[in-house]
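# Notes for the structure review
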Amino acid sequence: MLKQLFNWLRLRHLEQDLGRELQYHIDRRIDDLTHSGLSEAEARRQVTLEIGGVTQLREEVRDVWLTRWVRDFAYDLRFSARSFRRSPLFTATAVLSFALGIGATTAIYSLVDQVVLHALPVREPQRLVVFDWNGVTASVNAFGTYNLLSYPLCRDLQQQEQFFDGAFCRAATTISLSTGGDHVPTAAEVVSGTYFPVLGIQPTIGRLFTNDDDSVLGASPVVVLSYDFWKTQFASAPDVIGRKVLVNRHPMTIIGVAAPGFRGLDVGEVPSLWIPAAMSAVAIPGFDQMLNRRVRWMQVFGRLRPDVTQVEAQAGLQPWFKAMLADDERRPEFPKITPDRRQRYLGSVLELAPAAQGHSPLRRRLSQPLWVLFGATGVLLALACMNVAGLFLARGSARSREIFTRLALGASRGRIGRQLLSDSILVALAGGVLGTVLAPIVIGALIAFLPRDIAATALRSTLNPRLLLFAVLVSLTAGVLSGLAPAFLAGRRSLMAALTERAGAAPGGLRLRRTIVTAQIAVTVILLVGAALFVRTLTALMAKGPGFDTSNLISFSIDPVRNGYSRENADRLIRGIHEEIRALPSIQSAAIANNPLLTGGSWNGQMTIQADQRISTDREVHLNAVSPEFFSTLGVKIAAGRDFVDRDTLPASEGGLCVAIVNDAFAKRYFNGRSPLGAHVGLGTGPDTKAAVEIVGVASNISYRGVREEWEQAFFPLVSCATSGGTFYVRTRGSRAAAIQSIRRIVHDADPTLPLGAVRTLDEQVSRSLTTERMLAALSGGFGVLALLLSLVGLYGVMSFTVTQRTREIGVRVALGATRLATMWLLLRDALVMTTLGIAIALPSVWALGRVIESQLYDVKPTDPTTIVAAAVLLCSTTLLAALIPARRASTVSPVDALRLE
Amino acid sequence: MPSARFPIPQGTLDMLILQILSLEPAHGYGIAQRLLQISKSVIQINQGSLYPALHRLEQKKWLKAEWRQSETGREAKFYALTAAGRKQLATERDYWARLAGAVQVIFDEGK
């Protein structure tokens, strides 16, 4: 096969060669024959007789080079290319249709591949599993995303050698890094010493961590750089080994650079460097609980032994896990919990899940939307295929004479079918090439929908071999699919019937084309309804907003603790900065929060409420600690009670009193409409949890994690009952740029080395938190419009073809007295039937697809009647418009001309 | 062309070409001449099937070809046996010997 392909490429050379060879033979033979007395003409005749015709001989040799079908296919392609050159408009339409479909599909697939499918570039990623604690934990503290376990548990799992070829753990964090100059917030991964060996990562230079770097707490101040970071920050300098960098102000030594292409375990948070878990107190300032079995902050992964399945390993681990639970529960420092909770704690199970792709909150968040969009592009591509199939059918009917003449001359039906198929494959490949050229631009645009900090580090818009292979496969499939209908039709019709038909009256697969258009309309309805639902979700969320006025509101964060400040000094610094900012003339008011709003995360925990009776919250409450004026700065109404005042913020030692403000949702869920003022709450649900914090106010609901949120919230004053915070909310007066300038100066004056993070307006923050929704709305909207255009083109094509075909009939009708309107109606009715039928077919699918996307919607049901009716009306009116042009043409048919057509 | 000669058995042309080339490299015309001699005496060969056969054998890497000067001074394409071709010829020769032997045995039994 390869040999033949090669031969095909050097066909011209082979032909020349053969020509020379045969010429030599003929000349010599003629020479010999004339020497033996024949005349030259006689000799020539003799030679031809001997070798049986040069042309036929050449054909036979060509068969040797290419085998029959490859050669036929090559001829077909050449023939197709020639015929396409003759009808450039047709070709352009078909190629563009394909380019659109293939380009969009390839682009979305690129994101699906990068975010969802791509396995880690490590040794045998399919053997990696992640551990998950299913049941009740006895954790005293947890931070991170999900699948969280403690470091000692990771050490335990490393011992389970009968199931695993090693285990390792990791946690993502952000450090303040200085490589000599400024301190820059930098993503890092805190990992166990087994991380690199178990993953099977090799160093580019230097060495990677081993267990020795992770054995004694605080004893190994070393880091490993990522290849990309080494390249960009150190210009790939080979002498970085041994250099020192400052991690949260602690000097640490670079010992190596990881292999190129390895970017940690989370596609959404690519680390620039790795830090051994033994140094977690440096990487996460103030964290000294690494060896606490009940502090969950890392994801633990294992590499299954080749002879052990995931199910076997999970089952095999349980005896040890149960024993560990029982053992731990008997320890003196085990927290006091209710018997019921204890029971559920002991019933916990350690589960395993495949982790070939690593661990990623981004994947969790994006995988469903991406699959939805991928499905939509698939549908779009199908539409494009149908359009091209329709175009080919039309062309096929125009060519029917040619085709049937060829059939009559003895071409086999299969041969003709293959010729038609090669037409569509050629067009699809051309479309595929164009689409692939466009794909990186589209991918770039898609990535632009995502928050820049994620997209910049994690996602690439370049093409890779996997993507090219995908594009080629998609093109070929599209080509075959859209060529099938015409090819099939060519093989089916009777030769006799075709040749005796009147010119121009070939049915041209009209019924098939109408079926295709009906299907296109059905698919378009689905896409349009989906698009409308996503657009309505986005507008509903934007209209709802975060529950506070975002105009002139900016936020920024500082984290002095990461820069080496003690807790008290950090508090003092933040307080000082706050005072100075409040004094600025360009500032209306300013407040501080412990946790930032609208970033997807929150501080949460269950609470105990002591009112008439003592109850526990049935789910976690979202918590935050804020300064006085937080609510007034954001413009949030205090519906009952009071806001925090300065006295609340004093440390308890200086007479500060810990009080709480809850939101409407909290009051509604747990106080049933009665006033929560005066009730007491406490964090936690154990029997010995003190509910000593008085509720002094009720605030209206605001968005905390995201704009969709309608959840119970509780706020505490900063410092008196919670740790310090570092996110500032500032309402500016006048020029925002000037305000930001002044703020930067104040922070810089307080400490020039303190990085100022995440300076944004709240409008920006709201729009960031709606990226997924915006991406879905924009893309599905775009797809909906494209789909509509494609089906309109399809419908228009069929209608104009019908008019051409029925010209005679229409002429007769007009001659018999049909009015213009009646003639137009004749055709419009056709279009209307196809549209209605298409819509009717689509409705059940709309209902079914609604279930899939329901979780992505907000404030609109997937079966929302208004949306569906609007989509149907839009389709009906546009299809009628598209049909109107050919219908008008029909109405102007003159009976004389029509009859003369014969 | 009426003739008492019998037509060449299927697939034997390849073997004949290999055999001819095992003596020395030759161009197409040379091989044709040689075949003509054979065909005059024993079997009938269509000259037209020579070139497809040559190209087929070249494709199978049993022959290699190069352009060089022929005895008339003009460039001609000379074919020569490769190692694989030599092996193939041995195989075929062996096969024919065994076949002929076997057929002979059957005839002898009938006597």
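Residues numbered from 1 in each chain as written. Chains lettered and ligands numbered in written order. Predicted model: local features only at pLDDT ≥ 70, side-chain atom pairs only at ≥ 80, totals over all residues.

### Description of the overall build of chain A
- Scanning chain A for helices and strands turns up 29 helices and 25 strands.
- Scaling as 2.2 N^0.38, a compact globule of 902 residues should have a C-alpha radius of gyration of about 29 Å, whereas chain A reaches 37 Å, well beyond that.
- The principal-axis extents of the C-alpha atoms in chain A amount to approximately 125 × 80 × 60 Å.
- Taken across its 902 residues, chain A has 42% of its residues classed as buried.
- In chain A, the proportion of contacts linking residues at least 24 apart, taken out of those at least 6 apart, comes to 82%. (Helix = DSSP H or I, 4+ residues; strand = E, 2+ residues; numbered from the N terminus. Rg over C-alpha atoms; globule rule 2.2 N^0.38 Å. Buried ≥ 20, exposed ≤ 12 C-beta atoms within 10 Å, placed from the backbone. Contact = placed C-beta atoms within 7 Å.)

### As for the packing of helix α20 (residues 567–583) of chain A against helix α24 (residues 736–750) of chain A
Residue and element names in this part refer to chain A.
- Put simply, α20 and α24 touch, their axes get as near as 10 Å, and they point 145° apart. For the crossing formed where α20 meets α24, the hand is right-handed. Mapping the contact onto sequence places Leu-573, Gly-576, Ile-577, Glu-580 and Ile-581 in α20 and Ile-743, Ile-746, Val-747 and Ala-750 in α24.
- Classifying every residue of the contact of α20 with α24 gives 7 nonpolar, 1 polar and 1 charged. (Axes fitted to C-alpha atoms, helices over the stretch in contact; angles between N-to-C directions. Left-handed = near helix turned anticlockwise from the far one by under 90°. Nonpolar A, V, L, I, M, F, W, Y, C, P; charged D, E, K, R; others polar.)

### Some thoughts on the sheet that holds strand β5 (residues 75–81) of chain B
- The strand order across the open sheet formed by 3 strands is β2-β5-β4 (chain B), and the pairing between neighbours is antiparallel. At either margin of the open sheet sits one strand with a lone partner, and together these are β2 (26–27) and β4 (63–69) of chain B. (Pairing = 2+ DSSP bridges.)

### What about the domain arrangement of chain A?
- By domain assignment, chain A separates into domain 1 (2–66), domain 2 (125–316 + 350–356), domain 3 (362–409 + 494–543 + 771–900) and domain 4 (559–755).
- Of note, the centres of domain 1 of chain A and domain 3 of chain A, computed from C-alpha atoms alone, are 56 Å apart. (Domains from an automatic or database assignment.)

### Some points on the pairing of strand β7 (residues 244–247) of chain A
Residue and element names in this part refer to chain A.
- Side chains of β7 alternate between two faces, with Val-245 and Val-247 buried and Lys-244 and Leu-246 left unburied.
- Looking at chain direction, strand β3 (residues 164–178) and β7 are connected through 2 bridges and run antiparallel. Each residue of the ladder has a partner; that of Leu-177, found in β7, is Val-247.
- Two elements, β7 and strand β8 (residues 250–258), share 4 bridges in a ladder whose sense is antiparallel. The residue bridging Leu-246 from the neighbouring strand is Pro-251, located in β8.

### Topic: the nonpolar core
Residues and elements named next belong to chain A.
- Core analysis: the largest hydrophobic core is formed by 162 residues, its most contacted members being Phe-98, Val-525 and Ala-660.
- Each of domain 3 (362–409 + 494–543 + 771–900) and domain 4 (559–755) contributes no fewer than three residues to this core.
- Setting aside its immediate chain neighbours within four residues, Val-525 contacts Gly-838, Ile-839, Ala-842, Val-846, Ala-871, Ala-872 and Leu-875.
- Listed in part, the 68 residues of the second largest apolar core include Leu-148, Ala-172, Ala-278 and Phe-301. (Core = buried A, V, L, I, M, F, W, Y, C linked by C-beta atoms within 7 Å.)

### A look at the interface of chain B and chain A
- With 14 residues of chain B at the interface, the matching set in chain A holds 14 residues.
- Put simply, the parts of the chain that give the side of chain B that touches chain A at least two residues each are α2 (28–41), α3 (50–59) and β5 of chain B.
- With 5 residues, α3(B) is the largest single contributor of residues to the side of chain B that touches chain A.
- Looking at the side of chain B that touches chain A, its residues break down into 5 nonpolar, 6 polar and 3 charged.

### Overview of the confidence of the model for chain B
All names here are of chain B.
- When pLDDT is averaged across chain B, the result is 83; 86% of the residues are at 70 or more.
- The secondary structure element of chain B with the lowest average pLDDT is strand β1 (residues 6–7), at 64, and the one with the highest is β5, at 91.
- Interface confidence in the predicted complex, given as ipTM, is 0.84; pTM for the same model is 0.71. (pLDDT = per-residue confidence, 0-100.)

### Comments concerning unusual backbone geometry
Residues and elements named next belong to chain A.
- Here Ser-236, not a glycine, exhibits a phi torsion of approximately 55°, which is positive.
- Positionally, Ser-236 belongs in the loop between α9 (227–234) and β7.
- The exposure class assigned to Ser-236 is partly exposed, which follows from the 13 C-beta atoms found within 10 Å.
- Here the phi dihedral of Asp-859 falls at roughly 65°; this positive angle occurs in a residue that is not glycine.
- Tracing the backbone through its elements, the reader meets Asp-859 in the loop between α27 (820–853) and α28 (865–891).

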